[in-house]
Amino acid sequence: MSPLFEYAPAPESRAVVDIAPSYGLFVDGEFREAAGGRVLKTVSPATEEVLSEVAHAGDEDVDAAVAAARRAFGPWSALPGAERAKYLFRIARIIQERSRELAVLETLDNGKPIRETRDADLPLVAAHFFYYAGWADKLAHAALGRSPHNGTSGPDPRPLGVAAQVIPWNFPLLMLAWKVAPALACGNTVVLKPAETTPLSALFFADVCRQAGLPRGVVNILTGDGATGAALVAHDGVDKVAFTGSTAVGKQIARTLAGTRKRLTLELGGKGANIVFDDAPVDQAVEGIVNGIYFNQGQVCCAGSRLLVQESVQDELLDALRRRLATLRVGDPLDKNTDVGAINSAEQLARITELADSGEAEGAERWSPACELPERGYWFAPTVFTNVTQAHRIAREEIFGPVLSVLTFRTPDEAVAKANNTPYGLSAGVWTEKGSRILAMADRLRAGVVWANTFNKFDPASPFGGYRESGFGREGGRHGLEAYLDV
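Given the structure is predicted, the values throughout are model-derived calculations rather than measurements.

Enquirer: Hey, could you run me through the overall build of the protein chain in this one?
Expert: Tallying secondary structure elements over the protein chain gives 15 helices and 20 strands in all. What you see for the protein chain is a C-alpha radius of gyration of 22 Å, in line with the 23 Å of a compact globule of 487 residues. In terms of principal-axis extent, the alpha carbons of the protein chain reach across some 65 × 60 × 40 Å. Expressed as a percentage of its 487 residues, the buried residues of the protein chain come to 58%. Considering only contacts in the protein chain between residues 6 or more positions apart, those separated by 24 or more positions represent 75%. Just so you have it, the protein chain exposes about 19200 Å², and 50% of that area is on carbon and sulfur atoms.

Enquirer: Sorry, what's going on with the packing of aromatic side chains here?
Expert: Counting across every chain of the model gives 13 aromatic pairs. Taking 4.6 Å as the distance between ring centres and 50° as the angle between the ring planes, the aromatic pair formed by Trp-451 and Phe-455 counts as tilted. An identical accessibility class is assigned to Trp-451 and Phe-455; each is buried. Among the aromatic residues, ring-to-ring pairing joins Trp-178, Trp-451, Phe-455, Phe-458 and Phe-464 into one connected group. A cation sits over an aromatic face here: Arg-322 above Trp-367, 5.8 Å from the ring centre.

Enquirer: It is not clear to me how unusual backbone geometry should be interpreted in this structure. Could you clarify?
Expert: For residues that are not glycine, phi is negative in most cases, and the peptide bond is trans in most cases. A positive phi angle, near 55°, is found at Asn-387, a position not held by glycine. As for its placement among the helices and strands, Asn-387 is situated in the loop between β15 (383-386) and α12 (393-396). In this model, Phe-400 sits at a positive phi of 60°, which is unusual for a non-glycine residue. Mapped onto the fold, Phe-400 is located in the loop between α12 and β16 (403-409). Overall, the relative accessible area of 14% leaves Phe-400 in the buried class.

Enquirer: Is there a simple way to think about the sheet that holds strand β4 (residues 39-43) in this case?
Expert: Adjacent strands of a sheet pair through backbone hydrogen bonds, lying either parallel or antiparallel. Pairing in this open sheet of three strands is mixed, and the strands run β1-β5-β4 from one edge to the other. Of all strands in the sheet, those bounded by a partner on one side alone are β1 (22-23) and β4. Here helix α6 (residues 200-211) sits on the sheet and contacts β1, β4 and β5 (50-55); the angle it forms with β5, its principal contact strand, is near 65°.

Enquirer: Where do I start with the nonpolar core in this structure?
Expert: A general feature of soluble globular proteins is that nonpolar side chains tend to end up buried together. In this structure, Ile-95, Phe-129 and Phe-205 are the most contacted members of the largest nonpolar core, which totals 107 residues. Apart from residues no more than four positions distant in its own chain, Phe-129 is found in contact with Leu-88, Ile-91, Ala-92, Ile-95, Leu-176, Ala-177, Val-180, Ala-181 and Phe-205. Judged by nonpolar contacts, the second largest core, of 29 residues, contains Ala-356, Phe-380, Phe-385 and Phe-409.

Enquirer: Teacher, can you tell me more about the sheet that holds strand β18 (residues 449-452) here?
Expert: As summarised here, the arrangement of the seven strands in space is β14-β15-β16-β13-β12-β17-β18, forming an open sheet in which the pairing is mixed. Two strands bound the open sheet, and with one partner strand each, they are β14 (365-367) and β18. Each adjacent strand pair in this sheet contributes to an overall mean axis angle of 20°, direction not counted. As paired elements, strand β17 (residues 427-431) and β18 share four bridges and run parallel to each other. Paired with Val-430 across the bridge in β18 is Ala-452. Of the strands in this sheet, β12 (273-276), β13 (306-310) and β16 touch helix α13 (residues 412-419), which is tilted by about 170° from β13.

Enquirer: Please clarify how the environment of Gln-165 should be interpreted in this entry.
Expert: Mapped onto the fold, Gln-165 is located in strand β7 (residues 162-166). Note on Gln-165: relative accessible area 0%, which makes it buried. Separated by 121 residues in the primary sequence, Gln-165 and Ser-44 place their C-alpha atoms 24 Å from one another. Ignoring any residue separated from it by four or fewer positions in sequence, one finds Gln-165 in contact with Lys-179, Val-180, Ala-183, Val-190, Val-191, Leu-192, Lys-193, Leu-232, Ala-242 and Tyr-484.

Enquirer: Teacher, can you tell me more about the state of the cysteines here?
Expert: The bond known as a disulfide is covalent and runs between the sulfur atoms of two cysteines. Under the defined criterion, the tally for this structure stands at zero disulfides. For Cys-186, which is in no disulfide, the shortest distance to another cysteine sulfur is to Cys-209 and amounts to 17 Å. On the accessibility criterion, Cys-186 (1% relative accessible area) is buried.

Rules of the game
Residues numbered from 1 in each chain as written. Predicted model: local features only at pLDDT ≥ 70, side-chain atom pairs only at ≥ 80, totals over all residues. Heavy atoms only, no water. Helix = DSSP H or I, 4+ residues; strand = E, 2+ residues; numbered from the N terminus. Rg over C-alpha atoms; globule rule 2.2 N^0.38 Å. Buried < 20%, exposed > 50% of the residue type's maximum accessible area, 1.4 Å probe, protein only. Contact = heavy atoms within 4.5 Å. Areas by Shrake-Rupley, 256 points an atom, 1.4 Å probe, with all protein chains shown as cover. Phe/Tyr/Trp six-rings, centres within 6.5 Å; stacked < 30°, edge-to-face > 60°. Lys NZ or Arg CZ within 6 Å of the ring centre and 35° of its normal. Pairing = 2+ DSSP bridges. Axes fitted to C-alpha atoms, helices over the stretch in contact; angles between N-to-C directions. Core = buried A, V, L, I, M, F, W, Y, C linked by side-chain atoms within 4.5 Å. Disulfide = S-S within 2.5 Å.

Written out as structure tokens, the structure reads:
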């Protein structure tokens with residue numbers, strides 16, 4: 001790119017949000033230290049600087065949080081749905097009012113570009129609370145539990161009780177909204193455990209709950225590591241568990257809950273296929289491919305990490321893709337011009353690096369655009385692998401990074417076979433001008449979400465979830481209510 005057209009730095013101010021030097025656990029409406037006195041440090045992935053210390057919840061703290069949620073459940077569930085809706089609407093409006101603070105905080109703690117937190121994450125967070133606020137007084141009309149034979153329905157659906165929710169680090173605040181909003185709308189109370197590396201926006205949300213006047217104990221937030229999450233999931237006082245994260249941990253949770261009365265929903269890993277036919281508009285498809293795998297540095301469960309391109313247009317598409325990748329700006333996540341930010345942690349960077357190296361070792365051809373990576377922080381250049389076969393690890397394993405594996409196909413049948421040749425089943429994309437082909441492909445693809453001529457588009461009214469090792473249950477839409485109701 002000519003220096004004449006270089007972007008001038010456009011950094012968002014860190015002063016927009018105040019980060020305290022330390023945070024406690026949010027239990028029964030108040031912040032408190034962990035009973036054991038343990039703390040964790042949370043760092044900025046872009047600079048490796050320590051942002052804050054947070055309390056590390058132990059078994060005693062889990063007991064206290066679950067007990068607070070249990071005490072709050074009776075009064076909260078007894079409220080008319082319209083009254084619960086008022087709190088959810090209030091939370092949604094506060095999130096909108098404080099979205100600039102939250103966007104900066106999320107970018108600092110997670111490493112994703114401010115453009116994404118500002119323009120994608122925060123609007124969706126508020127939208128989910130608005131959406132489920134609208135459902136709170138209409139649960140009896142959601143057609144949940146209705147007989148498919150005669151159209152009759154049983155008693156009105158009832159809340160389950162205390163929901164334990166464990167969320168990941170890739171979309172910390174959005175995953176909170178996906179879980180907390182429907183749980184509260186349905187009359188449940190919540191104990192939420194954010195990821196170890198991204199606790200700050202959840203703790204900020206605790207303050208939003210207080211600002212909204214949410215009754216004590218309705219939402220409790222426990223920071224900590226995997227041991228904290230395991231203790232919460234296994235707690236006898238929990239009625240429902242919702243987990244988003246790795247397939248390995250999801251399997252462990254399923255084993256822990258097997259034989260118990262607890263309800264469980266899991267949203268796990270993915271290896272999504274982005275399928276481009278020879279009649280697809282090339283430039284539009286390239287934008288969808290870039291959004292599918294380089295959005296949030298590829299740290300997306302439903303990322304389009306496998307590109308299946310029809311053989312006759314492979315060269316044209318890859319040339320256009322390489323030209324587009326050469327324009328991506330990698331660097332400071334707080335700069336509003338940045339397209340690709342930092343990898344969330346040193347551990348995740350090591351995994352991405354190891355899998356990418358295996359692609360080269362197994363004979364795939366690696367390419368990245370010329371880009372200068374910052375000296376400090378956790379960074380990985382956008383990467384494309386060609387000459388990939390279905391036997392390569394990079395085509396089979398979830399990399400969870402900005403790495404695209406390119407395979408080819410000749411016929412729709414071959415595209416379906418290759419797309420479904422994975423233990424996962426979370427997402428897929430289809431690019432073609434033929435509506436009939438889109439519908440035919442969507443019907444055959446074993447994926448919970450199939451996008452047509454777009455990718456990574458979300459709406460609170462649309463259900464999301466997977467098949468097979470991508471988990472079970474749905475979040476979002478009317479379907480997302482069922483996970484939090486006894487129907």
